[in-house]
2 protein chains.
Amino acid sequence: MKLNFLYANMQKDIDLVEKELKKALSGAAAETTSDTALHLLEAGGKRIRPMFVCLSARLSPDADFGAVKNASVAIELIHMASIVHDDVVDDADLRRGRETIKSKWGNHIAMYTGDFLFAKSLEYMTEIKDVAAHKMLSHVTVELSTGEIEQLKDKYNFDQSVRNYLRRIKRKTALLIAASCGLGGIVSGQSEADYQKLYRFGYYVGMAFQITDDVLDFVGSEKELGKPAGEDLRQGNVTLPVFFAMEDPFLKKRICQVTEETPAEEIAALVEEVKKSGAKKAEDIATAYLKKAVGMLDSLPQVPELKPLKQIVRVLDKRNY
Amino acid sequence: MKLNFLYANMQKDIDLVEKELKKALSGAAAETTSDTALHLLEAGGKRIRPMFVCLSARLSPDADFGAVKNASVAIELIHMASIVHDDVVDDADLRRGRETIKSKWGNHIAMYTGDFLFAKSLEYMTEIKDVAAHKMLSHVTVELSTGEIEQLKDKYNFDQSVRNYLRRIKRKTALLIAASCGLGGIVSGQSEADYQKLYRFGYYVGMAFQITDDVLDFVGSEKELGKPAGEDLRQGNVTLPVFFAMEDPFLKKRICQVTEETPAEEIAALVEEVKKSGAKKAEDIATAYLKKAVGMLDSLPQVPELKPLKQIVRVLDKRNY
């Protein structure tokens with residue numbers, strides 16, 4: 001995502017969040033815990049969720065950055081925990097060009113490191129005074145783990161509904177971005193009506209973000225993706241472009257035969273078919289979500305600080321990696 | 001542990017906690033999540049941690065059972081989450097005579113189910129108003145996951161110190177029991193001085209509990225243990241009786257050669273040696289912890305409701321399974 005323009009505007013905030021993340025993880029009582037967690041931290045990341053917390057908080061003139069920072073760290077640690085566990089399940093050896101924890105230390109250490117990151121995020125949540133923030137975070141965390149289990153269960157299930165897909169990406173991706181925006185609103189003292197709108201905004205953006213990501217898996221080049229196109233399909237993750245492609249019964253028949261053993265040539269051929277028949281329609285759905293996101297922003301007090309959030313929507317709409 | 005006398009006294013409370021646990025897990029949005037989590041719940045368990053929460057809360061005349069129940073459920077869900085992940089690491093197929101989640105659904109589902117249980121516990125924590133409770137719970141949760149990683153790292157490391165062992169069991173076992181007692185004190189409105197004493201009490205009891213468990217692994221019969229004696233040693237968990245046994249340099253040499261491949265006969269022979277040379281000394285340490293636990297109870301207001309906590313200490317002191 002071409003979000004560099006945002007970082008220029010808020011590098012200082014993100015740097016402070018990064019520093020706090022490092023402090024949180026360096027302070028681990030056990031050496032191994034620090035090693036593994038810092039290894040992941042140093043692999044970097046776009047820190048998109050902290051960015052949403054900070055940008056949402058900025059809409060309020062009363063924002064206390066200490067609280068904003070704690071919320072950002074809590075959210076990013078939840079995200080990191082889920083990444084570490086996902087890498088175990090996906091048997092992923094690389095993330096952002098760096099060896100994954102599971103690859104370097106094994107599945108068991110990776111599992112416990114995820115637990116540690118999640119526990120650590122609790123410590124930061126504890127610092128947030130607002131009960132509404134706790135309720136929001138605990139809710140999306142339950143949904144996140146539910147979505148992870150569902151994703152496993154739904155693998156290679158080509159008979160599931162689009163609704164099922166949408167619910168899954170809501171849980172896996174959109175709600176944590178929703179909570180990032182909502183939390184930014186809460187900790188900066190915005191009204192319930194406003195932080196709920198920010199939550200909705202984040203939800204719509206998150207849905208668009210994940211759908212766009214799922215489209216990219218088909219339309220991106222291997223160089224852009226860092227992996228061959230069609231990897232989701234090969235792994236049995238049925239995504240929105242695939243649902244549209246399956247409207248053609250002949251294509252559906254071929255897609256339904258995909259297993260882990262399907263040869264790369266067949267996957268590549270299917271990628272071309274899905275590109276033609278499903279990508280555009282999926283992109284349209286992403287755009288529809290982004291329109292709803294803009295609608296939410298339009299319903300908020302029109303302060304100049306809304307601009308970066310509006311820019312994010314525009315950039316996502318043209319996202320091509 | 002022969003704690004039946006306690007349950008007779010508080011069956012109603014524990015039944016209500018059990019009902020709430022069932023409600024928490026049945027309400028899972030995804031079918032699989034409910035299936036796996038309820039499977040674990042239905043395997044039963046002694047609910048020792050909820051019992052400590054309830055007994056500690058009873059010391060206060062003002063205890064509101066709703067808050068006590070929420071705290072009990074939050075703690076038990078953390079414990080259940082850690083059990084599910086431990087079963088993955090230990091490659092355990094049975095727990096309390098029932099197939100483990102990892103055995104029935106595989107490691108990946110087990111990992112995410114643990115995450116779900118932990119997230120669910122967050123929802124219950126959120127219901128607890130007191131910030132002190134949140135701080136206590138987040139602290140012990142971080143320590144718990146740290147202890148789990150340490151335990152992995154320390155496997156087959158026969159050169160570690162006793163201090164290392166004590167710190168590990170503190171993290172893995174004692175602190176969650178400490179938090180159970182401390183939380184019972186907090187949610188029932190006891191003074192900070194008193195709930196800190198309850199926390200210390202739980203810590204001492206937890207240390208004694210784990211040491212006794214570690215001794216039992218050597219002195220218990222296969223029938224009592226449900227597995228051959230010496231299983232900890234075979235798995236490379238260096239426990240207190242082993243440290244004492246290693247004071248004999250000849251025995252130390254033999255123990256240091258233990259690996260996963262050590263034949264059952266050699267383990268059985270070592271079990272006999274450790275029984276003779278290390279078990280009694282380890283039991284003495286457990287008794288010393290229990291004395292400290294009694295000291296804590298003696299320093300609390302001497303209400304009749306202290307009696308069951310005192311009984312627990314007496315039962316633990318004679319524990320032979």
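Parameters and conventions
- Residues numbered from 1 in each chain as written.
- Chains lettered and ligands numbered in written order.
- Predicted model: local features only at pLDDT ≥ 70, side-chain atom pairs only at ≥ 80, totals over all residues.
- Heavy atoms only, no water.
- UniProt positions renumbered as here; feature names shortened; annotations may be inferred.
- Helix = DSSP H or I, 4+ residues; strand = E, 2+ residues; numbered from the N terminus.
- Rg over C-alpha atoms; globule rule 2.2 N^0.38 Å.
- Buried < 20%, exposed > 50% of the residue type's maximum accessible area, 1.4 Å probe, protein only.
- Areas by Shrake-Rupley, 256 points an atom, 1.4 Å probe, with all protein chains shown as cover.
- Lys, Arg positive; Asp, Glu negative; His and termini not counted.
- Charge placed at Lys NZ, Arg CZ, Asp CG, Glu CD.
- Expected span 1.5 Å × (residues − 1).
- Least-squares fit on C-alpha atoms with pLDDT ≥ 70 in both.
- Contact = heavy atoms within 4.5 Å.
- Phe/Tyr/Trp six-rings, centres within 6.5 Å; stacked < 30°, edge-to-face > 60°.
- Core = buried A, V, L, I, M, F, W, Y, C linked by side-chain atoms within 4.5 Å.
- Salt bridge = Lys/Arg side-chain N within 4 Å of Asp/Glu carboxyl O.
- Polar contact = N/O pair within 3.5 Å; in protein donor to acceptor, adjacent residues only side chain to side chain.
- Buried area = accessible area lost by both parts, 1.4 Å probe.
- Axes fitted to C-alpha atoms, helices over the stretch in contact; angles between N-to-C directions.
- Parallel < 35°, antiparallel > 145°, perpendicular 65-115°, else oblique.
- Left-handed = near helix turned anticlockwise from the far one by under 90°.
- Nonpolar A, V, L, I, M, F, W, Y, C, P; charged D, E, K, R; others polar.

- The name an unreviewed UniProt entry assigns to chain A is Heptaprenyl diphosphate synthase component II, from the organism Listeria welshimeri serovar 6b.
- Per its UniProt entry, chain A bears the Sequence similarities (unreviewed entry) comment "Belongs to the FPP/GGPP synthase family."
- UniProt, in its Cofactor (unreviewed entry) section for chain A, records the words "Mg(2+)".

1. Overview of the overall build of chain A
(1) Moving on: The helix and strand inventory of chain A stands at 15 helices and 2 strands.
(2) Moving on: For 321 residues, the compact-globule estimate of 2.2 N^0.38 gives 20 Å, and the C-alpha radius of gyration of chain A, at 20 Å, lies within 12% of that figure.
(3) Moving on: Residue burial in chain A is summarised as follows: out of 321 residues, 59% are buried.
(4) Moving on: For chain A, the exposed area adds up to about 13,100 Å²; of that, 50% sits on carbon and sulfur atoms.
(5) Moving on: A distance of 4 Å separates the average location of the 45 positive side-chain charges in chain A from that of its 47 negative side-chain charges.

2. Brief notes about helix α4 (residues 65-90) of chain A
(1) Moving on: The end-to-end C-alpha distance of α4(A) is 36 Å, a good match for the 38 Å that 26 residues give at a rise of 1.5 Å each.
(2) Moving on: Counting buried positions along α4(A) gives 22 out of 26 residues, so the element sits mostly inside the fold.

3. Quick word on the relation of the copies chain B and chain A
Superposing the two chain copies requires a rotation about an axis and a translation along that axis.
(1) Moving on: The two copies are related by a screw motion: chain B maps onto chain A through a turn of 180 degrees and a shift of 0.0 Å along the axis, at an RMSD of 0.0 Å. Here the copies are linked by what is in effect a two-fold axis.
(2) Moving on: Both copies contact each other with a shared surface, as 100% of the interface residues of chain B are interface residues in chain A too.

4. Here we look at the packing of aromatic side chains
The description of two aromatic rings rests on the distance between their centres and on the angle between their planes.
Residue and element names in this part refer to chain A.
(1) Moving on: Within the structure shown, the criterion is met by 9 aromatic pairs over all chains.
(2) Moving on: A centroid spacing of 5.3 Å and a plane angle of 50 degrees characterise the contact between Y203 and Y204, whose relative ring orientation is tilted.
(3) Moving on: Judged by its relative accessible area of 14%, Y203 falls in the buried class.

5. Thoughts on the nonpolar core
(1) Moving on: In this structure, F201(A), I255(A), L309(A), L25(B), I255(B) and L309(B) are the most contacted members of the largest nonpolar core, which totals 213 residues.
(2) Moving on: Setting aside chain neighbours within four positions, we find L309(B) in contact with F52(B), L55(B), L59(B), L198(B), F201(B) and L297(B).

6. Observations concerning the pattern of salt bridges
Pairing is possible between side chains that carry opposite charge, provided their charged atoms lie close to one another.
(1) Moving on: Scanning the entire structure with this criterion turns up 42 salt bridges over all chains.
(2) Moving on: With a closest N to O distance of 2.7 Å, R171(B) and E143(B) form a salt bridge. Placement of the pair is R171(B) in helix α8 (residues 162-187) and E143(B) in helix α7 (residues 131-153), with a sequence separation of 28 residues.
(3) Moving on: R171(B) sits in the buried class, given a relative accessible area of 7%.
(4) Moving on: What emerges from the salt-bridge pattern is a single network uniting E143(A), E150(A), R167(A) and R171(A).

7. Focus on the environment of Q160(A)
All names here are of chain A.
(1) Moving on: Along the chain, Q160 falls in the loop between α7 (131-153) and α8 (162-187).
(2) Moving on: Classification of Q160 by relative accessible area gives buried; the value is 9%.
(3) Moving on: When the C-alpha positions of Q160 and F243 are compared, they lie 9.2 Å apart, and in sequence the two are 83 residues distant.
(4) Moving on: Within the structure, Q160 has its side chain in polar contact with the side chain of R168 (distance 2.6 Å).

8. Concerning helix α6 (residues 107-126) of chain A
(1) Moving on: Compared with an ideal rise of 1.5 Å per residue, which puts 20 residues at 28 Å, α6(A) spans 29 Å between its outermost C-alpha atoms and is within 8% of the ideal.
(2) Moving on: Across the 20 residues that make up α6(A), a large majority, 17, are buried.

9. Re the interface of chain B and chain A
(1) Moving on: Facing 40 residues of chain B, the contacting portion of chain A comprises 40 residues.
(2) Moving on: Per-residue buried area on chain B facing chain A is highest for Y112(B), L122(B) and I149(B); these three make up 18% of the total on that side.
(3) Moving on: Counting every contact that joins chain B to chain A gives 2 salt bridges.
(4) Moving on: Linking chain B with chain A are 8 residue pairs in polar contact (both at pLDDT 80 or more), by the criterion used here.
(5) Moving on: The set of elements that each furnish at least two residues to the side of chain B that touches chain A consists of α2 (31-42), α4 (65-90), α6 (107-126) and α7 of chain B.

10. Some thoughts on the environment of M246(B)
Residue and element names in this part refer to chain B.
(1) Moving on: Mapping M246 onto the fold places it in the loop between α12 (240-245) and α13 (249-256).
(2) Moving on: For the pair M246 and F158, spaced 88 residues apart in the sequence, the C-alpha separation amounts to 8.9 Å.
(3) Moving on: Not counting residues within four places of it along the chain, the set of residues in contact with M246 comprises F158, V238, K252 and I255.

11. A word on the packing of helix α9 (residues 192-219) of chain A against helix α15 (residues 307-317) of chain A
Residues and elements named next belong to chain A.
(1) Moving on: Put simply, α9 and α15 touch, their axes get as near as 11 Å, and they point 20 degrees apart. It follows from the interaxial angle that α9 and α15 lie roughly parallel. Viewed along their axes, α9 and α15 form a crossing whose handedness is left-handed. Every residue of α15 that contacts α9 at L198, F201, V205 and F209 is listed here: L309, V313 and L316.
(2) Moving on: Class assignment for the residues of the contact of α9 with α15 results in 7 nonpolar, no polar and no charged.

12. Thoughts on the packing of helix α3 (residues 48-57) of chain A against α15(A)
Residue and element names in this part refer to chain A.
(1) Moving on: Relative to each other, α3 and α15 sit at 140 degrees, their axes nearing to 9 Å. By the angle class used here, α3 and α15 are oblique. From α3, M51, F52 and L55 reach across to α15, where they touch P308, L309 and I312.

13. Quick word on the side chain of S60(B)
All names here are of chain B.
(1) Moving on: Inspection of the secondary structure puts S60 in the loop between α3 (48-57) and α4.
(2) Moving on: Here D62 takes part through its backbone nitrogen, which lies 3.1 Å from a polar atom of the side chain of S60.
(3) Moving on: The contacts of S60, once residues within four sequence positions are left out, are S188 and Q190.

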